[in-house]
Amino acid sequence: MIPFFDGVGAVLTLLRSLAIDLRRRRSAPLICLVANPDSGSWLAEVHNRIQESSPPSLLPHAYLDLTPDDRRHPDSPPLPGGDDPPVLPVLHALFEQLRTAPSGFGYHFRTYAFTDWLTRQTLSSPAGKAQEKELTRRLRDELRGTGNNTHLLLDSTPGWFRPLLAVLIVFGPPLRFVLWLSGRVPVPGLVRTRWFMKQQLFPAVGRKKFVPFAVSLTANAFRAPTQQTQRERLLIGAFLHDLRLAYRRRLWRPWAWRRTARVLTLIDNIAGDPRGEQFLNLLTTVRDHGTPPRGRVTRFLNLIPVIRSGGRKDDPLLMVAGYQVNAIPQPLPRHPLTAANAADAFDAWNAPQRPIGAGWRLWLRIPTFVAPPPGVTAKSDARGWGQPLFAPSPPVWARRWVLRSLAVVLVPVLLASVATGILRHGTHFFDHEGCWSRAGVSVSWVDGQCIGYSDGGYLFNAGEKSAPADRLLIVQQEIARQNRCAAEIAGLSPAQSPSQLVTLVYFAGLTGEIESDWTAAQVAELEGLLTWQHTLNQRKDLPLAECRNTAGVTSPSAQTVLRVVIANGGSRMRYADRVARDHLVPLASDTRAKLLGVIGMDRSTADTRQAVTTLGNAGIPVVATTLSGDGMKNSSLLYLQMVPDNRREALLAVSYARQKKKSRISVYYPYSPDSDPTGQRLPTVDDFYVSTLVRDVQEEAARAGLTYEPRGWAPAQGTADWFRDRCGEQQPADLVFFAGRYNDFREFLRGMERCGELLLADDSVSRVVSQDVGRGTGGEFRFVSKGAPVLLAGRKCLNGELEQNPPPFASRSLRDFCGRLKDMYAVTGIKKKYAPDTVDPSDPPWVDERTGLAYDTAKLFVDAIRKSGVGISRAQAWKTLREEPYLDNRNPRQDDQERCEDPTSPQAWPGATGCVDFRTSQVAMSKQMTIIYVDLSRPELPAGPTRAGQDPENDNGQPCRYVISGREPRISNDCLDPGRQPLAPTADD
């Protein structure tokens, strides 16, 4: 309830009359109300009176209380702050309220939002052309938008401007960007750059183009003190410009005709924060510098009263500021009149001459609050104390129900036109290369890449025509076929096939790379999932030929069919969190999808880590196939990791160095000078894989008493010649450890050719081994393998001969995997599709370990379903994998169950690449890691070990050199020795 005082009705009547009088040419005064110190936040009660109305009668309004946080009124939001505060917090707080529907306004404020975005940009390039190029790239990204989300620049455009905007989006993004920068042609839905170049609040003196002017607005641009003030005025000018646009009435803008009252902003206790008084002073200055009308047409239109309210000089803002009598800025221009004389005070202010500076303020003195006279209530005193504060009704023709009636007639015509366009032009009628969402596909076009997920309706393209890109498309096509099989089987009646459809999402970076063969890892992992689909999604007597069981494949779970959804996080998983948040979380909320988990995850980076957190917060388990960066498990309690982390790999490398009597370990890794301000040549911390691996090797070397030598290389140094010079500095007592990414290894190996005997590479190099073996180039070296069993099985696994004469290390899981993989290759003919004219010599003579790791990851979910039964939920699946042993002691036929053949982990979950046990850790720390010797000049890998007790270091015919496994790490140079020895004491022990 608004407190009662002498003149309360006069004040409220003045406020409403100013709010609803849009025909006034002059801007409304800044009403300054001075009350006693004990009056409290009394404008909050005016705010409550306004909210008693409902749309379309709701008066557009915003309310702020600038008293300290401990005394601020609960209806007022705090001023924005944080690490990236706005330039004018009071203005930004008003903007945040007015942009929402509850304020009764709900406008986008494109000009102000874009100006605010510019003022927060920090450019890292040197001043000059480099900064202009950097900002141009950012502007192009902003203009391009994020696909599914509202954006600052490209926003939803109402009315009949939508078809024009659609044409511009489809046919001319580059042209649209150039036109937008020029400002000569207005682009619907976009900020007018011409306004920035013509306004006088922050003059674009000496700058003929928009980008140099925009650079001067960025956060770290050099500015004189006067320019800083001009920058603040520009923000207010942009805000007022947006208000004018919102109220500019044209026949083709019916929503503007529905705005029948000014925007009323109430700022209580404005002197409680110096930023409040600063805002009012800037507002009066901006009004004094209002841009005059441009051109004859505009001056003519301003002669028409109904259009004149949208003029360039005056604004539809009605500001009311509350002061306490002991906090009035001194000196006052005139002694304030009392509230009862509000009408006289306004008449005195409303002189013929236009106000200037402090003259914009209209001061009123609010007397002491008293009890209302007997018998007077707010309800009975409708034109005084109970003065209602609401907006007049809009014209009939502009009301929503009228426009909706018109839409009923026009929408079918529009839909018919769109349908005709689709029939004639297909998906390209709308989006980039078919990148648009539909059933089974949820995608966005971002930075030239199509990100999101697809079950086969859209195929993610590597971006160029090449054999690796073709392989990625082919394997996606095969998975799409199996998804159709899964849908058909799941659609059968329970009597025909009582099968449950479950979905796994494979998440990796599938676009944006340019290196040759970069898709090999993704293709290998997708083949592992395709193997499971071909095993599970086969039934007899099905209409689709690819779904018929013609190869005699026996499904281990006849009640389960598998659907694989492929998700793309963009180049190097740059947009992983956006895909998780905007696409995968909504997919998981659809109960029809039956999503059990997300697998893959590509690489250990900050973007991947945030995506894991987002998925975990939504209750979605993530099982990473090859991630090993330390601390990834801290991203989510629902995160599981199929391979040990980098700490275990560092322990393996250092233990191997000690076993070979090495005294120094030289670690080679990439680093960026831009991300290393300390000058210590440290790897970038955003790449968790490289940074944690380097740190772990350093710490393990110190514990073992080995000399640690960092050999970080900058981008300009990563050449064969540079590595060749470093090779000349290495000693026989050194172990040269490559701790980088696979894409740097070929150049590294060329330079280190003479140091091959000293070289040990990290696990990322496994994809280079698969791609380059047998090409006659490269040399010999050792690398860390996290799925050695499938690699050591060699051609016997590819040819399905492992069952006939299995080597000692071939577990039942490995034999099943090889048999199912051979059947998948035979039925799908995918190898022939990869190279239809000839056998591609780049195909390795063994199975890529990533195929086995992806197969084992999917196998975890298949086994969890087998243990828990049909209808398993995501939570049940995760609990089964995390808490339960693999062997079911309640099963009377336990002897028939597959089991882990590692005697140190008999209850672990078995797989082709080894056993995993998540009961004590989210990371499979006990899983075996192996050092493999390879010579890329040979056509294939040497035969694996045939008996225990062999010392492989003295025989280059033995690929397996060193093994570590077990929760408590145990090591051996005998790959067939199940009773490996514990690690020797270190220097710290």
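Residues numbered from 1 in each chain as written. Predicted model: local features only at pLDDT ≥ 70, side-chain atom pairs only at ≥ 80, totals over all residues. Heavy atoms only, no water.

A. Spatial organisation of the sheet that holds strand β7 (residues 441–446). The seven strands lie next to each other as β7-β8-β10-β9-β11-β12-β13, forming an open sheet whose pairing is mixed. Here the strands that pair on one side only, and so sit at the sheet edges, are β7 and β13 (639–641). For this sheet the average axis-to-axis angle between neighbouring strands, irrespective of direction, equals 20°. As judged from the six bridges shared by β7 and strand β8 (residues 449–454), these two strands associate in the antiparallel manner. Bridge pairing links Ser444 to Ile451 in β8. Contacts from helix α17 (residues 467–490) reach β9 (500–508) and β10 (560–568) within the one sheet, and its direction differs from that of β10 by about 140°. (Pairing = 2+ DSSP bridges. Helix = DSSP H or I, 4+ residues; strand = E, 2+ residues; numbered from the N terminus. Axes fitted to C-alpha atoms, helices over the stretch in contact; angles between N-to-C directions. Contact = heavy atoms within 4.5 Å.)

B. Layout of the sheet that holds strand β1 (residues 30–35). The parallel open sheet is built from six strands, whose spatial order is β2-β3-β4-β1-β6-β5. Of all the strands in the sheet, just β2 (61–65) and β5 (337–338) have a single pairing partner and so form its edges. The pairing of strand β3 (residues 263–268) with strand β4 (residues 317–324) spans five bridges and is parallel. Residue pairing across strands places Leu266 opposite Val320, the latter belonging to β4. With respect to the sheet, helix α15 (residues 342–349) is in contact with β5 and β6 (361–365), its orientation differing from that of β6 by roughly 160°.

C. Just empty space enclosed by the protein, in detail. In the structure shown here, the tally under the stated rule is ten cavities of 30 Å³ or more. If you add up the space inside the largest cavity, you get close to 140 Å³. Together, 13 residues line the largest cavity, and Asp602, Arg741, Ser764, Arg767 and Arg850 are the ones closest to its centre. (1 Å grid on protein atoms, 1.4 Å probe; cavity = no way out; pocket = protein on both sides within 12 Å on 5 of 7 lines; lining within 4 Å. Points joined across faces, edges and corners; volume = space filled by probe spheres on them.)

D. Structural detail: the state of the cysteines. Counting across every chain of the model gives three disulfides. In this model Cys727 forms its disulfide with Cys755; the gap between the sulfur atoms is 1.9 Å. Looking along the S-S bond of the Cys727-Cys755 disulfide, the torsion reads about 105°, which is the right-handed sense. Here Cys727, found in helix α23 (residues 720–727), pairs with Cys755, found in the loop between α24 (745–751) and β17 (759–761); they are 28 residues apart in sequence, far enough to count as distant. In this pair, the class of Cys727 matches that of Cys755, namely buried. (Disulfide = S-S within 2.5 Å. Buried < 20%, exposed > 50% of the residue type's maximum accessible area, 1.4 Å probe, protein only.)

E. Examining the pattern of salt bridges more closely. A full pass over the atoms with the stated rule returns 40 salt bridges. Arg354 is the partner of Asp314 in a salt bridge, and the nearest nitrogen-oxygen pair spans 3.0 Å. In this pair, Asp314 is assigned in the loop between α14 (305–308) and β4 and Arg354 in the loop between α15 and β6, connecting sequence segments 40 residues apart. The class for Arg354 is partly exposed, based on a relative accessible area of 28%. The residue Asp455 makes a salt bridge to Arg563 at a minimum N-O spacing of 3.4 Å. (Salt bridge = Lys/Arg side-chain N within 4 Å of Asp/Glu carboxyl O.)

F. The confidence of the model for the protein chain, seen in detail. Here the protein chain shows a mean pLDDT of 82. Residues at 70 or above account for 81%. Taken as a whole, residues 985–989 scores under 50 in pLDDT and shows eleven contacts with residues more than four places along the chain or in a different chain. (pLDDT = per-residue confidence, 0-100.)

G. Layout of the packing of helix α30 (residues 849–868) against helix α31 (residues 874–883). Relative to each other, α30 and α31 sit at 100°, their axes nearing to 9 Å. By the angle between their axes, α30 is roughly perpendicular relative to α31. Together, Leu860, Ala864, Lys867 and Ser868 of α30 and Ala877, Thr880 and Leu881 of α31 make up the contact between the two elements. Residue classes in the contact of α30 with α31 are distributed as four nonpolar, two polar and one charged. (Parallel < 35°, antiparallel > 145°, perpendicular 65-115°, else oblique. Nonpolar A, V, L, I, M, F, W, Y, C, P; charged D, E, K, R; others polar.)

H. Region of the structure containing the pairing of β10. The buried fraction of β10 amounts to nine of the nine residues, a majority that puts the element mostly inside the structure. Of the two faces of β10, both are covered, the one formed by Thr560, Leu562, Val564, Ile566 and Asn568 as well as the one formed by Val561, Arg563, Val565 and Ala567. With three bridges connecting them, β8 and β10 associate as antiparallel partners. Within the sheet, the bridge partner assigned to Ser454 lies in β10 and is Ile566. Looking at chain direction, β9 and β10 are connected through nine bridges and run parallel. By the bridge assignment, Thr503 is partnered in β10 with Arg563.

I. Highlighting the environment of Thr531. Tracing the chain through its elements places Thr531 in helix α18 (residues 520–536). In sequence terms Thr531 and Met824 are 293 residues apart; their C-alpha atoms lie 5.7 Å from each other. Within the local environment of Thr531, its side chain forms a polar contact with the backbone oxygen of Glu527, the two atoms lying 2.8 Å apart. (Polar contact = N/O pair within 3.5 Å; in protein donor to acceptor, adjacent residues only side chain to side chain.)

J. Quick look at a nonpolar patch on the surface. A contiguous nonpolar surface patch, about 320 Å² in accessible area, is contributed by Val408, Val409 and Leu410. Structurally, the position occupied by Val409 is in helix α16 (residues 400–425). Judged by its relative accessible area of 56%, Val409 falls in the exposed class. (Patch = residues over 30% accessible without salt bridge, like charges linked within 9 Å, V, L, I, M, F, W, Y side chains within 5 Å. Areas by Shrake-Rupley, 256 points an atom, 1.4 Å probe, with all protein chains shown as cover.)

K. Focus on the packing of aromatic side chains. Summed over all chains, the structure comprises 37 aromatic pairs. Judged by centre distance (5.6 Å) and plane angle (75°), the rings of Tyr107 and Phe109 are edge-to-face. For Tyr107, a relative accessible area of 11% gives the class buried. Members of the aromatic cluster, each reached through a chain of ring pairs, are Tyr668, Trp713, Trp722, Phe723, Phe738, Phe745, Phe748, Phe781 and Phe783. The ring of Trp360 has Arg287 lying over it, and the distance from NZ or CZ to the ring centre is 4.9 Å. Above the plane of the ring of Phe688 lies Arg609, whose end atom (NZ or CZ) is 5.0 Å from the centre. (Phe/Tyr/Trp six-rings, centres within 6.5 Å; stacked < 30°, edge-to-face > 60°. Lys NZ or Arg CZ within 6 Å of the ring centre and 35° of its normal.)

L. Inspection of α30 at higher detail. Taking 1.5 Å per residue, 20 residues should reach 28 Å; α30 reaches 29 Å between its end C-alpha atoms and fits that length. Along α30, 18 of the 20 residues are buried, which leaves the element largely enclosed by surrounding structure. At the N-terminal boundary of α30, the capping side chain belongs to Asp848, with an oxygen 2.8 Å from the backbone nitrogen of Arg850. Immediately beyond the C-terminal end of α30, within one or two residues, lies Gly869, with a positive phi of roughly 95°. (Expected span 1.5 Å × (residues − 1).)

M. Quick peek at the environment of Asp630. Within the secondary structure, Asp630 is located in the loop between β12 (622–624) and β13. Taking C-alpha positions, Asp630 is 5.9 Å from Thr692, a pair spaced 62 residues apart along the chain. Setting aside anything within four residues of it in sequence, one finds Asp630 in contact with Asp645, Asn646, Arg647, Thr692, Arg695 and Asp696.

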